[in-house]
Amino acid sequence: MNDYTGCFSRAASTMQESAIRKMGGLGGRVPDLISFAPGFPALELFAWDEFRDVATSVLDGADPTVLQYGPTRGYRPLVEALPEILAARGIAATPEEIIVTTGSQQALDLTGRIFIDPGSVVLVELPTYTGAITAFRNAQATLAGVRQDADGIDLDDLDRVAVRELAAGRRIAFLYVVPNFQNPTGLLISLEKRQRLLEWAARRNVLIVEDDPYGALYFDDAAAAGDTRPIKADDRDGRVVYMSSFSKTVAPGFRVAWVAAPPPIAAKIEIAKQAADLCTGGLDQRIVYEVWKRGVLARRLPALRREYQDKRRVMERALASELGDLVSWPAPKGGFFLWATLPDRVNTDALIARAVAHRVVYVAGSAFYVDGRTGSLARLSFSAPSASRIEEGIRRLAAAVREELGATAAVSAASSRRA
């Protein structure tokens, strides 16, 4: 049987490959490739000694349930600890509002399953996280994009888009936002705008799905952790579904994230998760819990912030040195990403092939837009490579950009002569 076209569901026919995963897969095929594509934590920042000690104690055999199935909602001590973790972010929550998920991608997928009907509208930022685009499109949502300002989502455009969709008779499932150091732009939604966003959601009766994987990784120029106060912290009527993860602060190999939501929503997510994987890996959860309980995470966060801030500076200096006025970006105040704008003549989708020939790769900006646009934008992740690899990678990228500019100039000159 060679043709399986008729075997697939309509949903399967619309599924799209992750652009980030596609670019990340080049590493094994291109020798000495420097990748600015995936938002991976730095390998050298993992707490190897502490992880080893925790794993030894967890696997000492004293508790035979360590390797057994666990509750769908999560390892109970971790579920009970998460309200304390959330309280440090200003969020009041109870264990009944918590669901542990197998990474934040599962949180997005489960959220889509319980809120989205085929054709339902999900409002997203322009641009937005490509993993969310994939999850919501796989649930057969219609994605409606909303412009961003320098301090995050444009509230006037948000209302215009929402009114347009409602007037067309479409149901709005929710608004999806990444307020802290947004993936891909690195933008930080201002505290004043967060409050106005909540007021808007109440007025229009729209749920907010708040994705916060980077809030703990703020830099000095974010002023203070107070600038990253979650929208959920000021939610008084159960309108915000909040999700976060240990992937960026502990390690992504432990597939542990969580959702904090009003109990009726959490109960629906639990049912959806039962069908997806029964439960998140118990060993992963126990190790993450012990890392938190022993204070390993709290002790390491300042070093993580410092290291990622230093890497951001290295990338910014390298871009300024190698490309000068040919590139611009909003300075990220935290997180993993720099959102670069190249000259209009450079299409970053077309540039990828030339960049790979120079042994460097990134994610083209088009992957983060739901309106089909392409252009001169690129997401550059500074989190994983070393400082020297960042500098070398930017040199390679600059060479590819200059070649592309030369090629487009030659084509333009040839066209002018023919005309």
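This part is about the packing of aromatic side chains. Under the counting rule described, the total for this entry stands at 15 aromatic pairs. Here F136 and Y176 contribute two aromatic rings whose centre-to-centre distance is 5.5 Å and whose plane-to-plane angle is 75 degrees, an arrangement assigned as edge-to-face. Separated by 40 residues along the polypeptide, F136 in helix 6 (residues 130–138) and Y176 in strand 7 (residues 172–177) bring together distant segments of the chain. Here F136 falls in the buried class, since its relative accessible area comes to 0%. The exposure class of Y176 is buried, given its relative accessible area of 0%.

Okay, the sheet that holds strand 8 (residues 208–211) next. With mixed pairing, seven strands are arranged side by side in an open sheet as 2-10-9-8-7-3-4. One side of each edge strand has no neighbouring strand; the edge strands of this open sheet are strand 2 (98–101) and strand 4 (142–146). The mean inter-strand angle of the sheet, taken between neighbouring strand axes irrespective of direction, is 20 degrees. Here four bridges tie strand 8 to strand 9 (residues 240–245), and the two strands are oriented parallel to one another. If you follow V209 over to strand 9, its bridge partner there is V241. Along the sheet, helix 7 (residues 155–167) makes contact with strand 3 (121–125), strand 4 and strand 7, crossing strand 4 at roughly 150 degrees.

Moving on, we get to the pairing of strand 3. With five of five residues buried, strand 3 is to be regarded as a mostly interior element. Across the two faces of strand 3 the burial is the same, with V121, L123 and E125 and V122 and V124 all buried. Direction of pairing for strand 3 relative to strand 4: parallel, over a ladder of five bridges. Counted as the bridge partner of L123 is A144 from strand 4. For the crossover from strand 3 across helix 6 to strand 4, the handedness is right-handed.

The rules we used
Residues numbered from 1 in each chain as written. Predicted model: local features only at pLDDT ≥ 70, side-chain atom pairs only at ≥ 80, totals over all residues. Heavy atoms only, no water. Phe/Tyr/Trp six-rings, centres within 6.5 Å; stacked < 30°, edge-to-face > 60°. Helix = DSSP H or I, 4+ residues; strand = E, 2+ residues; numbered from the N terminus. Buried < 20%, exposed > 50% of the residue type's maximum accessible area, 1.4 Å probe, protein only. Pairing = 2+ DSSP bridges. Axes fitted to C-alpha atoms, helices over the stretch in contact; angles between N-to-C directions. Contact = heavy atoms within 4.5 Å. Right-handed = clockwise from strand over helix to strand, strands pointing away.

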